[in-house]
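# Chains, contacts and geometry: an overview
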Amino acid sequence: MKIEKLSFAEMKKRIREHLQMALNIEDFSINNAKQEGDLWKVNVEFKEKTGPIEMPTTALFILDAMTGEVKEFKKGYISTF
């Protein structure tokens, strides 16, 4: 039996869920995404409120491409891959 890897749309949904739960962020953009083997490596950008100020923020996600589990999340970080 062949197990399918997460599609781009499914990966984006997992990131949305994580950002909503962890930082109460709903809107974000994906700047770079690459599936390498069993991992999705994704750079995202979003606006984070600090009081009345909205600051652009970046983050790196590494997700398991089979289960969608977030393996790594680094706020304020961007990776070149």
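Residues numbered from 1 in each chain as written. Predicted model: local features only at pLDDT ≥ 70, side-chain atom pairs only at ≥ 80, totals over all residues. Heavy atoms only, no water.

### So, the nonpolar core
Counting 14 residues, the largest nonpolar core has Ile15, Leu19, Trp40, Val42, Val44, Phe46 and Phe61 as the members making the most contacts within it. At the level of secondary structure, the elements contributing two or more residues to this core comprise helix H1 (8-23), strand E2 (39-50) and strand E3 (53-64). Aside from chain neighbours lying at most four places away, what touches Ile15 is Phe28, Val42, Val44, Phe61 and Leu63. (Core = buried A, V, L, I, M, F, W, Y, C linked by side-chain atoms within 4.5 Å. Buried < 20%, exposed > 50% of the residue type's maximum accessible area, 1.4 Å probe, protein only. Helix = DSSP H or I, 4+ residues; strand = E, 2+ residues; numbered from the N terminus. Contact = heavy atoms within 4.5 Å.)

### A short note on the pairing of strand E4 (residues 70-75)
As judged from the five bridges shared by E3 and E4, these two strands associate in the antiparallel manner. Bridge pairing in E4 places Ile62 opposite Glu72. (Pairing = 2+ DSSP bridges.)

### As for the environment of Gly68
Within the secondary structure, Gly68 sits in the loop between E3 and E4. For Gly68 and Ser7, which are 61 residues apart along the polypeptide, the C-alpha to C-alpha distance reads 9.9 Å.

### Concerning the packing of aromatic side chains
Per the stated rule, a full pass over the model turns up two aromatic pairs. Where Phe8 meets Trp40, the ring centres are 6.1 Å apart and the plane angle is 70 degrees; that geometry is what we call edge-to-face. Taken together, the positions of Phe8 in helix H1 and Trp40 in strand E2 put the pair 32 residues apart, joining distant regions of the chain. What makes Phe8 partly exposed here is its relative accessible area of 42%. For Trp40, a relative accessible area of 8% translates into the label buried. Between Phe61 and Phe73, the ring centres sit 4.8 Å apart and the planes meet at 45 degrees, which makes this aromatic pair tilted. Residue Phe61 is found in strand E3, and its partner Phe73 is found in strand E4; the two are separated by twelve residues along the sequence. Residue class for Phe61 comes out buried when judged on its relative accessible area of 0%. If you follow Lys74 out to its NZ or CZ, it ends over the ring of Tyr77, 4.6 Å from the centre. (Phe/Tyr/Trp six-rings, centres within 6.5 Å; stacked < 30°, edge-to-face > 60°. Lys NZ or Arg CZ within 6 Å of the ring centre and 35° of its normal.)

### Concerning the side chain of His18
Relative to the assigned elements, His18 resides in helix H1. With residues near it in sequence (within four places) discarded, His18 still touches Leu23, Phe61, Val70 and Phe73.

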